[in-house]
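# Topology and contacts: notes
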Amino acid sequence: DAGVTQSPTHLIKTRGQQVTLRCSPISGHKSVSWYQQVLGQGPQFIFQYYEKEERGRGNFPDRFSARQFPNYSSELNVNALLLGDSALYLCASSLTAGERFEQYFGPGTRLTVT
Amino acid sequence: AQSVAQPEDQVNVAEGNPLTVKCTYSVSGNPYLFWYVQYPNRGLQFLLKYITGDNLVKGSYGFEAEFNKSQTSFHLKKPSALVSDSALYFCADTGTASKLTFGTGTRLQVTL
């Protein structure tokens with residue numbers, strides 16, 4: 001079975017632009033979460049979606065938005081990019097939304113904002 | 001409030017020796033604790049979790065972790081380290097929400 005997949009692997013954007021990152025969860029997993037990992041730090045929670053509904057949101061500005069589709073895949077959108085948005089964006093899927101369930105991470109999308 | 005702390009930025013160990021990567025937690029209610037490993041240019045891989053039950057949790061790749069309530073610790077251990085274990089290790093917890101809150105990470109360096 002395929003693990004969590006993310007696209008693109010890398011991308012470079014300029015300040016002010018918009019970006020869309022994509023994630024496909026493990027087959028059968030209904031929950032998708034997004035994390036931002038700045039170089040040298042641990043991942044920071046951005047969003048969780050379960051059954052197409054937002055279940056949690058981290059301390060990120062409204063420039064960050066996400067959605068989940070009927071097939072449980074998800075997109076993360078970031079508008080008006082800032083240099084500080086440069087990071088590894090990780091998607092994680094879990095069987096369901098709940099604190100006891102382990103999350104499985106994709107390889108990430110490396111976003112560079114210049 | 002939930003949080004985990006990893007007091008060591010880096011741990012160095014010789015191959016074949018036992019390793020310990022430390023994690024302490026501060027959480028109200030029942031802690032749900034996880035260990036993840038990150039290899040260069042890759043995402044995080046799940047190693048093990050503690051929910052309830054036995055204080056010694058066995059995970060992937062020969063790793064185990066011991067939950068100690070009196071010391072509020074959840075240290076990651078392996079009896080015999082391999083060079084291939086060299087990576088970045090993250091302790092994390094969840095609380096009443098299912099979001100993972102990660103520690104700052106500990107870089108493990110295993111040398112021959």
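Scope of this entry: the structure provided in the associated data block.

## Some thoughts on the overall build of chain A
When its secondary structure is counted, chain A shows 0 helices and 11 strands. Reading the secondary structure of chain A in the N-to-C direction produces β-β-β-β-β-β-β-β-β-β-β. Relative to the 2.2 N^0.38 estimate, which gives 13 Å for 114 residues, the radius of gyration of chain A is 13 Å and therefore close to what a compact globule would have. Taken over the C-alpha atoms alone, chain A extends approximately 35 × 25 × 25 Å along its principal axes.

## What to know about the state of the cysteines
Residues and elements named next belong to chain A. Taken as a whole, this structure holds 2 disulfides over all chains when the rule is applied. The residue that forms a disulfide with Cys23 is Cys91, at a sulfur-sulfur distance of 1.8 Å. When the S-S torsion is -60°, as for the bridge of Cys23 with Cys91, the disulfide is left-handed. Here the residue Cys23 occupies a position in strand β3 (residues 19-24), and Cys91 occupies one in strand β9 (residues 87-94), the gap between them amounting to 68 residues. Relative accessible area serves as the criterion here: at 0%, Cys91 is assigned to the buried category.

## Notes on the layout of surface pockets
Reported here for the largest pocket is a volume of approximately 360 Å³. Around the largest pocket, the lining is made up of 19 residues, and of these Gln37 and Leu39 of chain A together with Gln38, Leu88 and Arg107 of chain B lie nearest the centre. Elements with a contribution of two residues or more to the lining of the largest pocket: β10 (87-94) and β12 (106-111) of chain B. Around the second largest pocket sit Pro43, Gln44, Phe45, Gly58, Asn59 and Phe60 of chain A together with Lys99, Leu100, Thr101 and Phe102 of chain B, which together line it. Residue assignment for the lining of the second largest pocket shows that the elements contributing at least two residues are β5 (44-50) of chain A together with β11 (101-102) of chain B.

## Remarks on the pairing of strand β7 (residues 64-68) of chain A
Every regular strand shows the same layout, with side chains that alternate between the two sheet faces. Residue and element names in this part refer to chain A. Every second residue of β7 is oriented toward a common face, the buried set being Phe64, Ala66 and Gln68 and the non-buried set Ser65 and Arg67. In this sheet, strand β8 (residues 74-78) lies alongside β7 in antiparallel orientation, the contact comprising 5 bridges. Among the inter-strand pairings, Ala66 is bridged to a residue of β8, identified as Leu76. Following β7, the chain reverses through 5 residues before pairing antiparallel with β8; Tyr72 in that reversal takes a positive phi of roughly 75°.

## Observations regarding the packing of aromatic side chains
Summed over the entire model, instances satisfying the criterion amount to 16 aromatic pairs over all chains. Taking 5.4 Å as the distance between ring centres and 85° as the angle between the ring planes, the aromatic pair formed by Phe105 of chain A and Tyr36 of chain B counts as edge-to-face. Of the two residues, Phe105 of chain A sits in strand β10 (residues 104-105) while Tyr36 of chain B sits in strand β5 (residues 32-38), which places them in two different chains. The two residues Phe105 of chain A and Tyr36 of chain B agree in class, both being buried. In textbook terms, an aromatic cluster arises when at least three aromatic residues are bridged by ring pairs, as seen for Tyr35, Phe45, Tyr104 and Phe105 of chain A together with Phe34, Tyr36, Phe46, Phe90 and Phe102 of chain B.

## Comments concerning unusual backbone geometry
Apart from glycine, the bulk of residues carry a negative phi angle, and the bulk of peptide bonds sit in the trans form. Put simply, Ser7 of chain A and Pro8 of chain A share a cis peptide bond, and its omega is -10°. Examined against the element boundaries, Pro8 of chain A turns out to sit in the loop between β1 (5-7) and β2 (10-13). Not every positive phi belongs to a glycine, and Ala80 of chain A is a case in point at roughly 45°. Position of Ala80 of chain A among the secondary structure elements: in the loop between β8 and β9. Residue classification places Ala80 of chain A among the partly exposed positions, given a relative accessible area of 37%. Phi is positive for Thr72 of chain B, which is not a glycine, with a value near 45°.

Reading the values: the criteria
In this convention, every chain numbers its residues from 1, walking through the sequence in written order. Chain A is the first chain written and ligand 1 is the first ligand written, with later ones labelled in order. Restriction of local features to residues with pLDDT of at least 70 applies here, the model being predicted, together with a cutoff of 80 or more for giving and counting side-chain atom pairs; totals for whole chains, interfaces and linings are based on all residues. Hydrogens are left out, water is left out, and the side-chain values use all remaining heavy atoms of the structure. We count a stretch as a helix when DSSP gives it H or I for four or more residues in a row; a strand needs E for two or more, and each element gets its number in order from the N terminus. Two things to know: the radius of gyration comes from C-alpha atoms, and the globule rule equals 2.2 Å times the number of residues to the power 0.38. The term disulfide is used for any two cysteine sulfur atoms that are within 2.5 Å. Buried means the residue's accessible area, taken with a 1.4 Å probe over protein chains only, is under 20% of the maximum for its type, while exposed means over 50%, and partly exposed covers the values in between. Lining residues are defined by having an atom within 4 Å of a point belonging to a cavity or pocket. Those points lie on a 1 Å grid over the protein atoms alone, cavities being sets where a 1.4 Å probe fits but cannot get out and pockets being open sets with protein on both sides within 12 Å along at least five of seven lines. Grid points are joined across faces, edges and corners, and a volume is the space filled by probe spheres set on the points. Two strands pair if DSSP finds at least two bridges between them. Pairing of aromatic rings covers Phe, Tyr and Trp, the last through its six-membered ring, and needs centres within 6.5 Å; plane angles under 30 degrees mean stacked, over 60 mean edge-to-face, and all others mean tilted.

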